[in-house]
Amino acid sequence: MIPGMEKIAVIGSGNVGRTLAAAWVKAGHEVAIGSQHPETATVPAGAAVTEPLAALEEARVVVYAIPGAAMADTLTAHTVALEGQIVIDATNNMSGGPEMSGLRHLPDGVIGFRAFNSVAWENMADPVIGGEVADMFFAGPDGAGRETVAGLIADVGFRPVYAGGSPAAFAAVDSVAGLFFALAFGRGLGRRLAFRVLTENENI
Ligand SMILES: NC(=O)c1ccc[n+]([C@@H]2O[C@H](COP(=O)([O-])OP(=O)(O)OC[C@H]3O[C@@H](n4cnc5c(N)ncnc54)[C@H](OP(=O)(O)O)[C@@H]3O)[C@@H](O)[C@H]2O)c1
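Owing to the predicted nature of the structure, the values given are computational and were not obtained by experimental measurement.

Side note on the layout of surface pockets
Okay, so step 1: Of the pockets and cavities examined, the largest pocket occupies roughly 700 Å³.
Okay, so step 2: For the largest pocket, the lining is made up of 34 residues, of which V16, A65, I66, P67 and G68 are closest to its centre.
Okay, so step 3: Put simply, the parts of the chain that give the lining of the largest pocket at least two residues each are α1 (15–26), α3 (71–78), α4 (121–125) and α6 (167–186).
Okay, so step 4: For the lining of the largest pocket, the leading source of residues is α6, giving 4 residues.
Okay, so step 5: Of the residues in the lining of the largest pocket, the class split is 18 nonpolar, 15 polar and 1 charged.
Okay, so step 6: Each pocket or cavity is described by its volume, and for the second largest pocket that value is around 240 Å³.
Okay, so step 7: As for the second largest pocket, its lining consists of P98, E99, S101, L103, R104, G165, S166, P167, F170, A171 and D174.
Okay, so step 8: For the lining of the second largest pocket, the per-class residue count stands at 5 nonpolar, 3 polar and 3 charged.

Some remarks on the pattern of salt bridges
Okay, so step 1: One pass over the full model with this rule turns up 11 salt bridges.
Okay, so step 2: The partner of R114 in a salt bridge is D174, with the nearest N and O atoms 2.5 Å apart. In this pair, R114 sits in strand β6 (residues 111–114) while D174 sits in helix α6, placing the two residues 60 residues apart along the sequence.
Okay, so step 3: With a closest N to O distance of 3.0 Å, D142 and R146 form a salt bridge.

The rules we used
Residues numbered from 1 in each chain as written. Predicted model: local features only at pLDDT ≥ 70, side-chain atom pairs only at ≥ 80, totals over all residues. Heavy atoms only, no water. 1 Å grid on protein atoms, 1.4 Å probe; cavity = no way out; pocket = protein on both sides within 12 Å on 5 of 7 lines; lining within 4 Å. Points joined across faces, edges and corners; volume = space filled by probe spheres on them. Helix = DSSP H or I, 4+ residues; strand = E, 2+ residues; numbered from the N terminus. Nonpolar A, V, L, I, M, F, W, Y, C, P; charged D, E, K, R; others polar. Salt bridge = Lys/Arg side-chain N within 4 Å of Asp/Glu carboxyl O.

This is the structure in structure tokens:
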């Protein structure tokens, strides 16, 4: 395997899944989209498409880009196949409950990160707005997985900003989505909107 190249399964062939898959194919990763309808799903050139469990089989990184309300059942169905992978949850459960993320449904022992949940997919397709590279906040355990996730965020074109691994850090990354909704829709500023941290600390 080429150093830095990841085998990625993207679960869900909708706006977010297709956009992230296209970026990672372009960056040289091996991407398989796991779709409920692999025979009819539209996927970016260079990405494989298969049933979700088959996509999980080979992957080291698994990204969920399905409706948030489907996460409990989906992760239950994926329990055995998820052993040893790094999971990234991009989903938002819009049903009005307190928890936007589906990570609480992860099987024990699986490493879960929160990322790609906080801005609209149009900004994932082009993270440069007004000449500025947008930040993508992420939360998850410190260690090798953190570097992998940061690298994949950078490959989409964002500056990765690690919020930490505590429950408060996960909640903070969830709440960025709330701020996006308030500005983009509540205030009517539109979906082409993202965030950037200003700091003099180079270790961001
Ligand atoms: N849209 C955004 O700008 C945005 C931004 C950040 C985060 N998010 C979150 O990311 C997730 C995906 O958003 P999206 O805009 O890509 O949605 P979408 O375009 O509706 O795509 C979701 C995909 O999930 C799969 N799916 C649908 N129902 C499912 C079910 N019951 N069980 C398993 N898979 C199912 C389908 O793919 P297959 O037919 O291939 O299985 C569908 O194309 C959502 O949780 C959303 O809240 C969205």
